[in-house]
Structures are given as structure tokens and as C-alpha cells.
Amino acid sequence: MISVHNVSFRYPSAKNNTINEITFNVKQGEIFGFLGPSGAGKSTMQKILTGVLRDYSGTVRVFGDEVKNRTGDYYEKIGVDFEFPNFYNKFTAIENLKYFASLYSSETADPMALMEKVGLHNDAHKKVGSFSKGMKMRLSFVRCLLHNPQLIFLDEPTSGLDPANARILKNIIAEQKKMGKTIILTTHNMHDAEELCDRVAFIVDGRIKAMNTPQELRNTDANTRVHFRIVMNGKETEMDCLISELGKSSEFQLALRDGTLKSIHSEEQSLEDVFIRLTGRCLQ
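Residues numbered from 1 in each chain as written. Predicted model: local features only at pLDDT ≥ 70, side-chain atom pairs only at ≥ 80, totals over all residues. Heavy atoms only, no water.

K.L.:
Any details on the packing of aromatic side chains? Residues and values, ideally.
P.N.:
Taken as a whole, this structure holds 13 aromatic pairs when the rule is applied. Measuring from ring centre to ring centre gives 5.4 Å for F32 and F34, while their planes differ by 80°; the resulting arrangement is edge-to-face. An angle of 85° between the planes, with centres 5.6 Å apart, marks the rings of Y88 and Y99 as edge-to-face. Of this pair, Y88 sits in the loop between β6 (78-81) and α3 (93-101) while Y99 sits in helix α3, placing them eleven residues apart in sequence. (Phe/Tyr/Trp six-rings, centres within 6.5 Å; stacked < 30°, edge-to-face > 60°. Helix = DSSP H or I, 4+ residues; strand = E, 2+ residues; numbered from the N terminus.)

K.L.:
Could you give an account of the nonpolar core, naming the residues involved and the relevant values?
P.N.:
If you look at the biggest cluster of nonpolar residues, it comprises 44 residues, and the most contacted ones within it are M115, L139, F141, L154 and F202. The contacts of F202, once residues within four sequence positions are left out, are L35, R207, I208, K209, A210, L217, L271, V274, F275, L278 and T279. Residues I22, L53, I78 and L151 belong to the second largest nonpolar core, which totals 27 residues. (Core = buried A, V, L, I, M, F, W, Y, C linked by side-chain atoms within 4.5 Å. Buried < 20%, exposed > 50% of the residue type's maximum accessible area, 1.4 Å probe, protein only. Contact = heavy atoms within 4.5 Å.)

K.L.:
Please give an account of the environment of T23 that cites residues and values.
P.N.:
Here T23 lies in strand β2 (residues 19-26). According to the relative accessible area criterion, T23 is partly exposed, its value standing at 38%. Remark: the alpha-carbon pair of T23 and E107, spanning 84 residues in sequence, is separated by 35 Å. If near-sequence neighbours (up to four positions away) are discounted, T23 is found in contact with V4, H5, N6, I208 and M211. Looking at T23, its side chain comes within polar contact range of the main-chain nitrogen of N6, at 2.8 Å. (Polar contact = N/O pair within 3.5 Å; in protein donor to acceptor, adjacent residues only side chain to side chain.)

K.L.:
How would you summarise the sheet that holds strand β12 (residues 235-242) if you had to cite specific residues and measurements?
P.N.:
Pairing within the open sheet is antiparallel, and its three strands lie in the order β12-β11-β13. Only two strands of the sheet have a single partner each, and these edge strands are β12 and β13 (261-267). If you compare each strand with its neighbour and ignore which way they point, the axes differ by 20° on average. The pairing of strand β11 (residues 225-232) with β13 spans six bridges and is antiparallel. Across the sheet, the residue bridging to R229 is S263, located in β13. Across the face of the sheet, helix α9 (residues 250-258) comes into contact with β11, β12 and β13 while running at roughly 135° to β13. (Pairing = 2+ DSSP bridges. Axes fitted to C-alpha atoms, helices over the stretch in contact; angles between N-to-C directions.)

K.L.:
How would you summarise the side chain of T186 if you had to cite specific residues and measurements?
P.N.:
With respect to the element layout, T186 can be found in strand β8 (residues 182-187). On the basis of relative accessibility, which here comes to 0%, the residue T186 falls in the buried class.

K.L.:
Could you give an account of helix α1 (residues 42-49), with specific residues and numbers?
P.N.:
The element α1 is largely enclosed, with a buried count of six among its eight residues. The set of residues buried in α1 consists of K42, T44, M45, Q46, I48 and L49. Looking one or two residues beyond α1, the residue adopting positive phi is G51, at roughly 85°.

K.L.:
Could you give an account of the sheet that holds strand β5 (residues 65-66), with specific residues and numbers?
P.N.:
The sheet built from four strands is open, its strands ordered β2-β1-β4-β5 with antiparallel pairing. Edge positions in the open sheet fall to β2 and β5, since each of these has one partner strand only. Sheet topology places strand β1 (residues 2-9) next to β2; five bridges connect them, and they run antiparallel. Of the residues in β2, the one forming a bridge with F9 is I19.

K.L.:
Explain unusual backbone geometry residue by residue, including any values.
P.N.:
Across the chain, the bulk of peptide bonds are trans and the bulk of non-glycine residues have phi less than zero. Despite not being glycine, E156 shows a phi value in the positive range, around 50°. Owing to a relative accessible area of 7%, E156 belongs among the buried residues under this scheme. Phi at N233 is positive, roughly 55°, even though this residue is not glycine. Its location among the elements puts N233 in the loop between β11 and β12. Judged by relative accessible area, which is 80%, N233 ranks as exposed.

The structure is reproduced here in C-alpha cells:
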């Protein structure tokens with residue numbers, strides 16, 4: 001679906017590149033995440049992929065075609081949800097969606113049905129200028145789905161949302177994946193990336209520092225510790241050891257045989273722990 005090779009980009013007023021020799025591929029039906037702190041180059045890479053920035057070096061092919069040569073038809077096949085959505089504030093929500101739907105040549109979804117999915121159906125006839133940031137974020141999300149795009153770009157889709165509404169959007173993202181859609185997710189939210197993405201790329205200072213599945217990245221540290229509680233001499237005692245040495249722990253093995261093992265849990269590293277360890281940077 002997407003093939004990026006040795007891509008670099010510098011804004012006209014900048015001294016240094018924002019994107020530096022990035023290479024990656026995305027398969028159809030995959031959710032691919034760019035994970036990194038603000039200013040890392042995530043949104044710039046998304047603008048290149050969506051055809052907004054075309055003065056890049058290297059190769060960016062989407063649907064088999066070079067993006068810098070894209071035509072208007074390209075936007076019939078992609079949906080984009082910006083981090084800072086723009087609407088016509090004097091239009092109602094339904095008027096906005098109907099207007100944007102009119103720009104597509106193909107048949108579009110029922111805007112009211114989409115708004116109902118994200119809990120905005122009761123606000124359909126309110127002017128968008130009165131909407132909160134979270135409401136605009138949800139409206140922007142459904143706008144990018146109006147024309148049933150094959151490829152969806154999501155930039156911080158759950159930013160500013162409460163947990164309940166964030167869950168609704170993440171469920172819809174999972175539904176889109178089941179439908180065979182390809183999704184590019186840019187975020188600094190490690191929980192969203194770990195829950196949704198098939199693969200993630202850690203991006204810092206415009207470079208990819210690591211790329212793999214979230215689980216494989218979390219498994220890169222062999223020093224995971226296991227904590228367990230056992231009964232010794234009539235008293236509960238907490239112990240720990242490396243997961244690789246658990247089978248050699250005589251206390252653990254004895255408690256397991258005698259039925260005196262009370263609890264066990266592993267202290268696994270989070271995706272953010274991995275990011276910090278590999279890049280020396282925080283996600284925020």
C-alpha cells in the first residue's frame with residue numbers, strides 16, 4: 001500500500017531537515033503507527049504521505065504511484081483526520097458534513113449515522129462554532145470516513161477526548177481494520193499505539209530509531225523481573241528474580257509443588273520504557 005524509500009524533507013525557512021532518510025513499507029490492512037514526541041517529524045511525514053508536502057527527496061509511493069505526482073483522484077481514496085480540525089463554524093455539524101460529502105464523486109455514507117456512532121447525533125443541528133475541542137475532534141474523525149476511503153491517516157485522533165469517547169473512536173478504528181482498511185496513526189500516546197497498531201516506528205529528530213510490532217519491541221529487554229509471593233515457615237514472603245531464571249529458583253519450584261504459591265506477576269517494560277531506552281527521549 002505504501003512504500004517510502006530514503007525520504008528527506010526540509011522546510012524552506014529551516015536550517016536542518018525535519019525528515020532524514022526515512023524508509024519503511026506498509027501493507028494493505030495494516031495499522032502502522034508513528035510514535036514520538038512533539039516535533040519529532042510525525043506530522044511532517046503524514047503531510048508528505050497525504051500529498052500536502054511534495055518538495056521531498058527520495059521515493060514515496062502510495063497505491064503504486066509517486067505521491068508528488070498525485071492528482072485530485074488521490075483524495076477520493078484517502079481519508080485524513082487532522083490533529084487541529086477546521087470546519088465552517090457558522091454551519092451546523094450536519095451542514096459541514098453534507099458540504100464535505102458533496103466534494104466527492106463517489107457515494108458517501110449517511111452523515112447522521114456516522115455522527116450517531118460517535119455520540120454527536122443530538123448535536124447535528126448545532127453550529128460547529130459552539131462545539132468543544134472534543135466534539136470537533138469526533139466530528140473530524142467521522143468526516144474522514146465519509147467517502148469510505150481505502151487508506152486513512154489519523155493524527156492524534158484521541159487527543160482531548162475523555163476515556164469514554166476515546167474508546168468509541170478506538171473501537172471504530174478496529175472496525176475499519178477488519179474491513180481491510182489501511183491506517184496510518186501518528187501519536188505520542190503509547191497506550192493508543194500499543195493497543196491499535198500492528199507495527200510502530202519510533203521517530204526522533206526526523207529519523208526512525210526502531211520499527212517492529214509493539215510486542216516484539218517490548219520483548220527486546222531480557223531483564224524482565226518476576227515477583228511472586230510464597231508461604232515460608234508459615235509466613236507469606238515476597239520474592240523476585242529474572243524471568244529467565246525463574247525455572248532455577250528453588251523457592252519458586254518448591255512453592256509450586258507444595259501449593260504455597262500465592263501470587264505471581266511479571267514486571268514487563270511498557271512501550272514508553274522501550275522508547276526511552278532506545279532513543280534517550282521521552283514521548284511528551
